[in-house]
Amino acid sequence: MPRLAIAQLRPTKGDYNANLQKIGGVLAQIAKLAPPVDLVIFPETATSGYFVGGGVRDVAVTAGTLFRDLTVEHEAAGAPPVDVAVGFYEVFQNHFYNSCLYASLGNASSGNASPGVKHVHRKVFLPTYGVFDEERFVDRGREIRAFDTRWGRAAILVCEDAWHSLSGTIAALQGAQLVIVPSASPARGTGMDEEGTRLPASVVRWERILKGIADEHGVWVAFASLVGFEGGKGFPGGSVVVSPAGEIVLRGPLFEEAVLTYDVDFEEITRARAEAPLLADLEVNLPHLIKNLGKGETGKGKRKAPRVQFDPATNGVNVSRFPLPASRIHVVGPGVEEGDPLAIDPDLARRWLVSFLKDEVVRRRGFIKGIVGLSGGVDSSLTAFLAVEALGKENVIGVRMPYRTSSPESLEHAQLVIQTLGIQSATIDITAAVDGYLSQVDASGDADPTRRGNVMARERMIVLFDLSAKYKALPIGTSNKSERLLGYFTWHADDTPPVNPLGDLFKTQVRALARHVGVPEVILRKPPTPDLVPGQTTEGDYGISYDKVDRILYYLIRGMKPAEVVARGFTPEEVAKVAGRLESTHWKRRLPTVAMMSQTAIGEFYLRPVDY
């Protein structure tokens, strides 16, 4: 009955030596356990972090080098003999791979447990879509193979390898009793498991996949997930052990480092396969099933499958499906259960964003303090509340930056947040700086409102970053997803802070989360305003409410055509207004356009992530 340990770690981005020491720390920790651990499983890319882009060549090592370095850490930890499975970027025969090393460390009494590399699995399925770009930086592995260990037989599937049902089948057919799944899959979406627990949707999907592998093949599955944030993408942890009956018997915490242990009973494989002999059935029928695999059926006497009729005028789309009556498809409810696509689980979102701020402010950038520009609106108020939970109220500074035309209410509400949270504060009147500049370029002092507003926004960032240097506090951004998609911000002003917890939340989602964390109701109720011009409101500038804007944006950025969005209960004018803003402001969401002249252009060929 082998004892497993799963170490869900937060690696230091791009620092092989620091991550080796962290692995050594885990080995020292498990050295104290009794009975001893037989196998420690570390996540995918545990030695470097996952999103390293072109930095793969900097952090990749050979399996032999990693084994040598692990041996040094194992000896320093004073740990008993143990097997390890460690995800790493590998260089092998002049190629780079996303791999997992399986090795035995230390001399054991049994003859088959001599130290050494026992197996290297090279990831076969490389995700190159969405947030992933693996195939640009590493090559594909070519096989899935089970192998013998001192305690039984195992196979390794790295992350997406496990998403393909055939992979688990191959491992089981080769006799694997334990399928090891190291992963670095970032959390995405909000979902609910079978027990009603709110989890990131990607975690729910992972658990379904892992239970399927275990249940169908009667094998143990051990899933080790990274934790922490890389460039805003959060690895959730939530590592699990799944029994051969498809039951989760151990689950790690979300967004936190942890070392989990579990004693695996291989007799449960026997019982599970006796109750559901699916693998035995497959072994009998497999030779027949694969006999004609890959062979066509166009020979003489073979029946052809009916050809699908294709009408080029409709591009193959069944036009009878669109448009559906708005009453049938315009689903907008108060919560996830009612089908509102913008509904969030506020407590999960709070934990997610607090963890993000801890990682990005403290662990990644080495700051203790954060500084927030407080406008008296819901976005900056929520940001301050999250920052206090992440950093502590003694480490958050709220800055009010009024101009002579600013609403007194904005100052009052910003002060209300400061007092509610008990944070340090500063008030810097920007009137003299703004008017002093404008009087030099416009003798009459009659700059148009747009120019004056842009100068005000940029002056506020000058203040925020100067105070950042004074207090050694990292500026924390407050812009929401709606504003970012619509370009409703001053370029290189509102969008300037290096860390932004709200940038992937629509305005309606910000309101829901703000209410959950306790932002004062007087702030939640008032109309949003940038407060650059007296009487200005955001929805007045849009000419459409946030409730509509957010849903139109949601559908558009998921790839729907304007006509499809109209069919969901909006007018053509509303959709055109939002789509026009979305399509005309891409430049505001990117770094400056640079003329590419070399073969090493930054961001095109020299590819390093923002936090590398």
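Residues numbered from 1 in each chain as written. Predicted model: local features only at pLDDT ≥ 70, side-chain atom pairs only at ≥ 80, totals over all residues. Heavy atoms only, no water.

(A) Structural view of the overall build of the protein. Helix and strand counts for the protein stand at 20 helices and 20 strands. Viewed in the frame of its principal axes, the protein has a C-alpha envelope of about 90 × 70 × 55 Å. Relative to its full complement of 612 residues, the protein shows a buried share of 50%. Considering only intrachain contacts with a sequence separation of at least 6, the fraction spanning at least 24 residues in the protein is 71%. When the 68 positive and 71 negative side-chain charges of the protein are each reduced to one mean point, those points stand 4 Å apart. (Helix = DSSP H or I, 4+ residues; strand = E, 2+ residues; numbered from the N terminus. Buried < 20%, exposed > 50% of the residue type's maximum accessible area, 1.4 Å probe, protein only. Contact = heavy atoms within 4.5 Å. Lys, Arg positive; Asp, Glu negative; His and termini not counted. Charge placed at Lys NZ, Arg CZ, Asp CG, Glu CD.)

(B) Just the packing of aromatic side chains, in detail. Per the counting criterion, the structure on display carries 18 aromatic pairs. Ring centres of Y50 and F132 lie 6.2 Å apart, and the angle between their planes is 75°; this geometry places the pair in the edge-to-face category. Linking Y50 in the loop between strand 2 (39-41) and helix 2 (56-59) with F132 in the loop between strand 5 (116-122) and strand 6 (147-148), this pair joins segments that are 82 residues apart in sequence. The two residues Y50 and F132 agree in class, both being buried. By way of ring pairs, the aromatic residues Y50, F51, Y129, F132 and F235 are connected into one cluster. Note that R122 overlies the ring of F92, its terminal NZ or CZ placed 3.9 Å from the centroid. R608 extends its terminal NZ or CZ atom over the ring of Y612, reaching a point 5.9 Å from the ring centre. (Phe/Tyr/Trp six-rings, centres within 6.5 Å; stacked < 30°, edge-to-face > 60°. Lys NZ or Arg CZ within 6 Å of the ring centre and 35° of its normal.)

(C) Quick look at the confidence of the model for the protein. For the protein, per-residue confidence averages 90 on the pLDDT scale, and residues scoring 70 or more make up 91% of the total. Predicted confidence is poor over residues 305-338, with pLDDT under 50, and the contacts of this stretch with residues over four places away or in other chains come to 30 contacts. (pLDDT = per-residue confidence, 0-100.)

(D) Highlighting the side chain of T431. Locating T431 in the fold gives a position in helix 12 (residues 431-441). Judged by its relative accessible area of 13%, T431 falls in the buried class. From its side chain, T431 meets the backbone nitrogen of R404 in a polar contact 2.9 Å long. Not counting residues up to four positions away in its chain, the partners in contact with T431 are P402, Y403, R404 and G436. (Polar contact = N/O pair within 3.5 Å; in protein donor to acceptor, adjacent residues only side chain to side chain.)

(E) Looking closely at the packing of helix 9 (residues 346-364) against helix 15 (residues 507-517). One can describe the packing of helix 9 onto helix 15 by two numbers: an axis separation of 9 Å at closest approach and a directional angle of 90°. Between helix 9 and helix 15, the angle is such that the two are roughly perpendicular. The residues of helix 15 that touch helix 9, namely those facing P346, D347, A349, R350 and L353, are A512, L513, H516 and V517. Residues of the contact of helix 9 with helix 15, tallied by class, amount to 6 nonpolar, 1 polar and 2 charged. (Axes fitted to C-alpha atoms, helices over the stretch in contact; angles between N-to-C directions. Parallel < 35°, antiparallel > 145°, perpendicular 65-115°, else oblique. Nonpolar A, V, L, I, M, F, W, Y, C, P; charged D, E, K, R; others polar.)

(F) Spotlight on the environment of T62. Locating T62 in the fold gives a position in the loop between helix 2 and helix 3 (63-77). Accessibility expressed as a relative area gives 33% for T62, which makes it partly exposed. Excluding its chain neighbours within four sequence positions, the residues that come into contact with T62 are F88 and V91.

(G) Main features of the packing of helix 4 (residues 165-173) against helix 7 (residues 278-289). One can describe the packing of helix 4 onto helix 7 by two numbers: an axis separation of 11 Å at closest approach and a directional angle of 90°. In terms of orientation, helix 4 lies roughly perpendicular with respect to helix 7. Residues T169, A172 and L173 of helix 4 form the contact with helix 7, whose own contacting residues are L279, L282, E283 and L286.

(H) Geometry of the sheet that holds strand 2. Spatially, the 6 strands line up as an open sheet ordered 5-4-3-2-1-16, and their pairing is mixed. Looking at strand neighbours, the two that pair on one side only are strand 5 and strand 16 (258-263), the edges of this open sheet. Direction aside, neighbouring strands of the sheet carry axes that sit 25° apart on average. Judged from the 3 bridges that link them, strand 2 and strand 3 (residues 82-92) form a sheet pairing that is parallel. Within strand 3, the residue paired with I41 across the bridge is A85. Across the sheet, helix 1 (residues 16-30) is in contact with strand 1 (3-8), strand 2, strand 3, strand 4 (95-105) and strand 16; its angle to strand 3 comes to roughly 170°. Across the sheet, helix 3 is in contact with strand 3, strand 4 and strand 5; its angle to strand 4 comes to roughly 40°. (Pairing = 2+ DSSP bridges.)

(I) Layout of the sheet that holds strand 14 (residues 240-242). With mixed pairing, 6 strands are arranged side by side in an open sheet as 6-7-8-11-14-15. In this open sheet, the two edge strands, each paired with only one partner strand, are strand 6 and strand 15 (248-251). Where strand 6 meets strand 7 (residues 153-156), 2 bridges bridge the pair, whose relative direction is antiparallel. Of the residues in strand 7, the one forming a bridge with D148 is R153.

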